[in-house]
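Here are the chains, one letter per residue:
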Amino acid sequence: MRELVYYVAVSLDGYIAGPGGEFDAFPVEGDHMAAQNERFPEAIPTVIADAMGIERTGSMFDTVVMGWNTYAVGLPAGMTSPYQHLQQVVFSRKRTEEDIPGEHPNLQLTHEDPVDVVRRLKSGPGKSIWLCGGGQLATQLSGEIDRLVLKRSPLLFGDGIPLFARGAYQPSAFEEVSTTAFGSGVVISEYVRRRA
């Protein structure tokens with residue numbers, strides 16, 4: 001069965017973006033970048049990877065799921081299909097196809113329950129599914145997350161979009177499988193869900 005992988009940058013105080021969706025404080029230079037790009041090349045937007053000459057090996061992900069606010073970050077720059085090399089599923093309760101200008105290959109906007117969609121994806125053929133964000137969607141899908149990969153940056157945000165939004169108290173155990181500290185101060189830790 002396919003895994004749902006929540007792979008995300010996070011501040012020391014637990015935020016994946018600023019209060020207005022800002023993410024430019026996260027370091028994009030340093031020794032952690034080569035390791036990150038080698039392991040997760042599919043998680044780089046298509047036009048950026050093409051411009052940088054980064055080959056997408058297709059070794060990890062073939063699908064990305066995200067909430068509307070995460071998706072909409074790229075719209076001002078004309079990125080209507082940020083991950084054209086992946087099947088893209090965008091969840092929104094209010095938005096329609098008319099809210100997405102121009103071409104958007106491999107992108108599906110859905111009002112369906114995220115848990116139902118992810119369970120359907122996981123039961124089909126393919127590689128891992130990347131949960132790109134945001135915090136609300138991560139909370140809705142918390143019971144479906146099989147692997148958690150956190151890129152902790154040496155930053156305090158003070159406010160913003162949390163890694164997980166508030167939800168019901170339901171402790172879930174994960175096991176650490178690796179942690180790598182880089183000279184940049186970024187620490188990448190990977191956890192897998194502990195199965196009973």
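The rules behind these values
- Residues numbered from 1 in each chain as written.
- Predicted model: local features only at pLDDT ≥ 70, side-chain atom pairs only at ≥ 80, totals over all residues.
- Heavy atoms only, no water.
- Phe/Tyr/Trp six-rings, centres within 6.5 Å; stacked < 30°, edge-to-face > 60°.
- Helix = DSSP H or I, 4+ residues; strand = E, 2+ residues; numbered from the N terminus.
- Buried < 20%, exposed > 50% of the residue type's maximum accessible area, 1.4 Å probe, protein only.
- Arc of directions from axis to C-beta.
- Salt bridge = Lys/Arg side-chain N within 4 Å of Asp/Glu carboxyl O.
- Pairing = 2+ DSSP bridges.
- Axes fitted to C-alpha atoms, helices over the stretch in contact; angles between N-to-C directions.
- Contact = heavy atoms within 4.5 Å.

K.L.:
Honestly, the packing of aromatic side chains in this entry has me stumped. Any pointers?
P.N.:
For the structure on display, the rule yields 8 aromatic pairs. Taken together, a centroid distance of 6.2 Å and an interplanar angle of 50 degrees make the contact between Tyr-7 and Trp-130 tilted. A residue pair is termed long-range when its members are at least 10 positions apart, and Tyr-7 in strand β1 (residues 4-11) and Trp-130 in strand β6 (residues 128-133) qualify at 123 residues. In terms of burial, Tyr-7 and Trp-130 fall into one category: buried. On the basis of an interplanar angle of 20 degrees and a centroid distance of 5.9 Å, the ring pair of Phe-40 and Phe-61 is categorised as stacked. With Phe-40 in the loop between α1 (32-39) and α2 (46-52) and Phe-61 in strand β3 (residues 61-67), this residue pair connects regions lying 21 residues apart in the sequence. Of the two residues examined, Phe-40 and Phe-61, each falls in the buried class. Among the aromatic side chains, those forming a connected cluster through ring pairs are Tyr-7, Phe-40, Phe-61, Tyr-83 and Trp-130.

K.L.:
Whenever I open this one, α1 confuses me. Can you help?
P.N.:
What sets the pattern is the α-helix's 3.6 residues per turn: residues three or four places apart point alike. Listing the buried residues of α1 in full gives His-32, Met-33, Gln-36 and Asn-37. The buried side chains of α1 occupy one side of the element, clustering within an arc of 120 degrees when seen end-on. When the buried face of α1 is taken as reference, the exposed residues oriented beyond 90 degrees from it are Ala-34 and Glu-38.

K.L.:
Even after reading the chapter, I still don't get the pattern of salt bridges, so can you show me in this structure?
P.N.:
If charged atoms from side chains of opposite charge come close, those side chains can pair. The tally for this structure, following the rule as stated, stands at 10 salt bridges. The partner of Lys-122 in a salt bridge is Asp-146, with the nearest N and O atoms 2.9 Å apart. Here Lys-122, found in helix α4 (residues 114-123), pairs with Asp-146, found in the loop between α5 (135-140) and β7 (147-153); they are 24 residues apart in sequence, far enough to count as distant. Taking the relative accessible area as the measure of exposure, Asp-146 reaches 9% and is therefore buried. For Arg-195, the salt bridge goes to Asp-146, with nearest N and O atoms at 2.3 Å. Placement of Arg-195 in the segment after β10 (187-193) and of Asp-146 in the loop between α5 and β7 is noted, with a sequence separation of 49 residues between them. One network of salt bridges, in which partners are shared, links Arg-119, Lys-122, Glu-144, Asp-146 and Arg-195.

K.L.:
Explain the sheet that holds strand β9 (residues 174-181) to me, please; I cannot follow it from the model alone.
P.N.:
Note on sheets: strands pair through backbone hydrogen bonds, and any given pair is parallel or antiparallel. The sheet built from 8 strands is open, its strands ordered β5-β4-β3-β6-β1-β7-β10-β9 with mixed pairing. Bordering the open sheet on either side are β5 (107-110) and β9, each of which pairs with just one other strand. Adjacent strand axes in the sheet meet at a mean angle of 20 degrees when their direction is disregarded. Pairing of β9 with β10, which is carried by 7 bridges, proceeds in the antiparallel orientation. Counted as the bridge partner of Ser-178 is Glu-190 from β10. α4 contacts β1, β3, β4 (87-91) and β6 of the sheet and is inclined by roughly 165 degrees relative to β4.

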